[in-house]
Amino acid sequence: MTLDSPAADSPATPSPATLDLPALLPPAWRTALAPHLDPAATAALSEFVAGEYATETVFPPLEDLFAAYRLCGPEQTRVLILGQDPYHKAGQAHGLSFSVRDGVSVPPSLRNVYKELAEDLGVPVSRSGNLTRWASQGVLLLNAVLTVRQAKPGSHANKGWEEFTDATIRALDARSERVVFLLWGGYARKKAALVTNPAHVVLEAGHPSPMNPRGFLGSRPFSAANKALADAGLPTIDWDLTSA
């Protein structure tokens, strides 16, 4: 499955004027999030997002808004990597945190992720910034804020997305099977408080941005995540994006 061929249970992309965010989720996620969402707040968020898509250039494209959820169901999620908000330049964001489509230049933060991955596990550095292969293995690549206006980073912060994605973390926390939460940077690390189930593992580090000279490189998150999964008797992630 690729992002260009959505899962069969993914609803058709509606007109922004009729946007209902929960209705766009795959059924399993809709069920998992329902106990953790406030209907009035979710309706207000839907109205805001609909207005933005109707009047502004917003990323990711509406059809990719819930790509992370389509590619990685709640029962399949073994690792969560939390970003902040989508890339704000044209052609970059496609619904997965840190990821860009094939053919798009690898952004600086992702280059540092690749550098750490090579140091940690010795895997080759991918020429592509497309992380779909991780998502298909159970890595939920989630941003805390799922939309952004073109060229205006943070423009959709504090509009209700944070509560929506906090609900996602709470839904995963409610699972009995281990989930490993990779929280990179001060913003993501604040979400550690949402993980209260001792079955799960939280691995914190600095943000991989080149503007953060320390705190991420050397943190070895990929081997640590795989160890946490193996310790729980779960399959590990093949982090090598260059393998067949």
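Details of the structure are given in the entry above.
All values reported here derive from a predicted model rather than from experimental measurement. (Residues numbered from 1 in each chain as written. Predicted model: local features only at pLDDT ≥ 70, side-chain atom pairs only at ≥ 80, totals over all residues. Heavy atoms only, no water.)

### Topic: the overall build of the chain
What the chain contains, in helices and strands, is nine helices and six strands. In terms of overall dimensions, the chain is globule-like: its C-alpha atoms have a radius of gyration of 17 Å, near the 18 Å expected for 244 residues. Each principal axis of the C-alpha distribution contributes one length, and for the chain these read about 50 × 40 × 35 Å. Within the chain, residue pairs in contact and separated by at least 24 positions form 69% of the contacts whose partners lie at least 6 positions apart. Accessible surface for the chain amounts to roughly 10,700 Å². Of this, 52% is attributable to carbon and sulfur atoms. (Helix = DSSP H or I, 4+ residues; strand = E, 2+ residues; numbered from the N terminus. Rg over C-alpha atoms; globule rule 2.2 N^0.38 Å. Contact = heavy atoms within 4.5 Å. Areas by Shrake-Rupley, 256 points an atom, 1.4 Å probe, with all protein chains shown as cover.)

### Overview of the packing of helix H5 (residues 108-121) against helix H9 (residues 221-231)
Following both chains from N to C, one finds H5 and H9 inclined at 60°, their axes separated by 7 Å at the closest point. Accordingly, the angle class assigned to the pair H5 and H9 is oblique. Here Val113, Glu116, Leu117, Asp120 and Leu121 of H5 come into contact with H9, specifically with Pro221, Phe222 and Ser223. (Axes fitted to C-alpha atoms, helices over the stretch in contact; angles between N-to-C directions. Parallel < 35°, antiparallel > 145°, perpendicular 65-115°, else oblique.)

### Points about the pattern of salt bridges
Inspection of the entire model under this criterion finds 10 salt bridges. Across the salt bridge formed by Arg101 and Asp64, the nearest N and O atoms sit 2.6 Å from each other. In this pair, Arg101 is assigned in the loop between strand E2 (79-83) and H5 and Asp64 in the loop between strand E1 (58-59) and helix H4 (67-71), connecting sequence segments 37 residues apart. What makes Arg101 partly exposed here is its relative accessible area of 26%. Given the relative accessible area of 2%, Asp64 is considered buried. The shortest N-O distance in the salt bridge between Glu75 and Arg175 comes to 3.9 Å. Placement of the pair is Glu75 in the loop between H4 and E2 and Arg175 in the loop between helix H7 (161-173) and strand E5 (180-184), with a sequence separation of 100 residues. Judged by its relative accessible area of 55%, Glu75 is exposed. (Salt bridge = Lys/Arg side-chain N within 4 Å of Asp/Glu carboxyl O. Buried < 20%, exposed > 50% of the residue type's maximum accessible area, 1.4 Å probe, protein only.)

### Describing the sheet that holds strand E3 (residues 139-143)
Sheet architecture is open: four strands sit in the order E3-E2-E5-E6, paired in parallel fashion. Because the sheet does not close on itself, it has two edges, and the strands there are E3 and strand E6 (201-205). On average, adjacent strands in this sheet sit at an angle of 20° to one another, irrespective of strand direction. Strand direction decides the pairing type here: E2 and E3, joined by five bridges, are parallel. From the neighbouring strand, Leu80 faces E3, where its bridge partner is Leu140. Contacts from H7 reach E2, E3 and E5, with the element oriented near 155° to E3. (Pairing = 2+ DSSP bridges.)

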